Amino acid sequence: MSEPIRRFPLRRVRRLRPRRRPRYRGPSFNRIVPNLMTMVGLCAGLAAMRFALEGRFESAAVAITAAGVIDGLDGRLARLLKGTSRFGAEFDSLSDFACFGVAPALTLYEWSLQRAGGLGYAACVLFAVCMALRLARFNAMADDPPRPAYAYNFFTGVPAPAGAGLVLFPIFVGLEANVQGLESLAAVSRHPLVCAPILVGTAALLVSSLPVWSFKNFKVPAEYVLPLLLGTGLFVALLFADPWAALAAGGFIYLAMLPFSLRSFRRLRREAEAMRTDEEVAVGTH
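Reading guide: rules and limits
- Residues numbered from 1 in each chain as written.
- Predicted model: local features only at pLDDT ≥ 70, side-chain atom pairs only at ≥ 80, totals over all residues.
- Heavy atoms only, no water.
- Helix = DSSP H or I, 4+ residues; strand = E, 2+ residues; numbered from the N terminus.
- Buried < 20%, exposed > 50% of the residue type's maximum accessible area, 1.4 Å probe, protein only.
- Contact = heavy atoms within 4.5 Å.
- Areas by Shrake-Rupley, 256 points an atom, 1.4 Å probe, with all protein chains shown as cover.
- Salt bridge = Lys/Arg side-chain N within 4 Å of Asp/Glu carboxyl O.
- Phe/Tyr/Trp six-rings, centres within 6.5 Å; stacked < 30°, edge-to-face > 60°.
- Lys NZ or Arg CZ within 6 Å of the ring centre and 35° of its normal.
- Expected span 1.5 Å × (residues − 1).
- Core = buried A, V, L, I, M, F, W, Y, C linked by side-chain atoms within 4.5 Å.
- Patch = residues over 30% accessible without salt bridge, like charges linked within 9 Å, V, L, I, M, F, W, Y side chains within 5 Å.
- Lys, Arg positive; Asp, Glu negative; His and termini not counted.
- Charge placed at Lys NZ, Arg CZ, Asp CG, Glu CD.
- Disulfide = S-S within 2.5 Å.

With that settled, consider the overall build of the protein. Scanning the protein for helices and strands turns up 11 helices and two strands. Going residue by residue from the N terminus, the α and β elements of the protein occur as α-α-α-α-α-β-α-α-α-α-β-α-α. For the protein, the residues scored as buried account for 35% of the 286 residues in total. In the protein, the proportion of contacts linking residues at least 24 apart, taken out of those at least 6 apart, comes to 81%. In the structure as shown, the protein presents an accessible area of about 18600 Å², 65% of it carried by carbon and sulfur atoms.

This next bit is on the side chain of Asn35. Looking at where Asn35 falls in the secondary structure, it is placed in helix 2 (residues 29-53). The residues contacting Asn35, other than those within four sequence positions of it, are Phe87, Gly88 and Phe91.

On to the pattern of salt bridges, then. If you walk through the whole model with that rule in mind, you get four salt bridges. Note that Arg50 is salt-bridged to Glu54, the shortest N-O span being 3.0 Å. The class for Arg50 is exposed, based on a relative accessible area of 52%. On the accessibility criterion, Glu54 (41% relative accessible area) is partly exposed. The closest approach of N and O atoms between Glu90 and Arg86, which form a salt bridge, is 3.1 Å. One end of the pair is Glu90 and the other is Arg86, both in helix 4 (residues 86-111) and four residues apart, which spans about a single turn.

Ring pairs (aromatic) are described by centroid distance and by the angle formed between their planes. The tally for this structure, following the rule as stated, stands at five aromatic pairs. Measuring from ring centre to ring centre gives 5.3 Å for Phe57 and Trp111, while their planes differ by 85 degrees; the resulting arrangement is edge-to-face. You can see Phe57 sitting in helix 3 (residues 57-80) and its partner Trp111 sitting in helix 4, a full 54 residues away along the chain. Each member of the pair, Phe57 as well as Trp111, carries the same accessibility label: buried. With centroids separated by 5.2 Å and ring planes inclined at 80 degrees, the aromatic side chains of Phe154 and Phe265 adopt a geometry described as edge-to-face. Residue Phe154 is found in strand 1 (residues 154-156), and its partner Phe265 is found in helix 11 (residues 243-285); the two are separated by 111 residues along the sequence. By the burial criterion, Phe154 is buried, and Phe265 matches it. Positioned above the aromatic ring of Trp111, the side-chain terminus of Arg190 is 3.9 Å from the ring centre.

Helix length check: helix 3, at 24 residues, gives a terminal C-alpha distance of 35 Å against a target of 34 Å (1.5 Å per residue), a fit within 8%. By the burial criterion, the buried members of helix 3 are Phe57, Ala60, Ala61, Ala63, Ile64, Ala67, Ile70, Asp71, Asp74 and Ala78.

As a further point, take the environment of Met39. Structurally, the position occupied by Met39 is in helix 2. Spatially, the C-alpha atoms of Met39 and Ala67 are 9.9 Å apart, while their sequence positions differ by 28 residues.

What follows deals with the nonpolar core. In terms of nonpolar packing, the biggest core is built from 50 residues, with Leu108, Phe127, Val158 and Leu199 touching the most fellow members. Among the elements of the structure, helix 2, helix 3, helix 4, helix 5 (118-140), helix 6 (160-167), helix 7 (169-180), helix 9 (192-207) and helix 11 are those that each provide at least two residues to this core. Here the element with the most residues in this core is helix 4; it accounts for eight residues. Beyond its immediate stretch of four places on either side in the chain, Leu199 contacts Leu108, Leu113, Ala123, Cys124, Phe127 and Val167. Core analysis: the second largest hydrophobic core is formed by five residues, Tyr150, Phe154, Trp213 and Phe265 among them.

What follows deals with the environment of Arg50. Relative to the helices and strands, Arg50 is located in helix 2. Sequence separation of Arg50 and Ala60 is 10 residues, and the distance between their C-alpha atoms is 7.8 Å.

Another point: a positive patch on the surface. Taken together, the side chains of Arg76, Arg79, Arg147 and Lys216 make up a positively charged region of the molecular surface. Relative to the assigned elements, Lys216 resides in the loop between strand 2 (211-213) and helix 10 (225-241).

Before going further, it helps to examine the state of the cysteines. Scanning the entire structure with this criterion turns up zero disulfides. No disulfide involves Cys43; its nearest neighbouring cysteine sulfur is the one of Cys99, lying 8.7 Å away.

The structure is reproduced here in structure tokens:
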């Protein structure tokens, strides 16, 4: 005789069914990662302000530098993860103003310009205002008509992280002078007549119409690839061996690149205009 068929209770059968995974509404984690990085960069900038008020200028310089590195990564990560959004762009601009507009000016004020009284404070305010104008112009340009193809490789004016690095140049030099025991150079780097012109000059570069390489779609000729790799490796080695000297040298090299950036932009513009003229002539002959 065949065994009788066992019948499970209906309640037990329901327990054996796979449970459905709950679905939550909201953005995916990939879209939040860039905003989290921006938040970390903002915290680094705020920490730099505290370090500056406490006179811990080494920590303040490191925090602002870290914020600059994070700012260079979060935008690229957002495009890579397809997590770009209007909220992220606005949040990034507000973070940039705090990290690269307020924190460097406050650090330089505590480092040197407080000895100049109201004039030193006015220079700091001028830098912060110019940084705000530079960021506002950058956001407004997103709604402008499309620019020529060659113009996408250039910023209009010095970008915010680079401006903060240029402003910190006297601090980098002063910290390196303290390490090397060069008291005269350390005293010069703290003088208001040295720091104030650097602060005001950088503010002018922020709001200028100077075309500056963005390095987003920058193509390196094949014969320059190996020297570029060797130079980058040498700079990284110097950064670990003597960070203040490396950061000061980096600011000087960036400033020296600005005339070459302007020359490159003018050459590309002339080539584009000549090509457009040739096309118009060709169309007119037909």
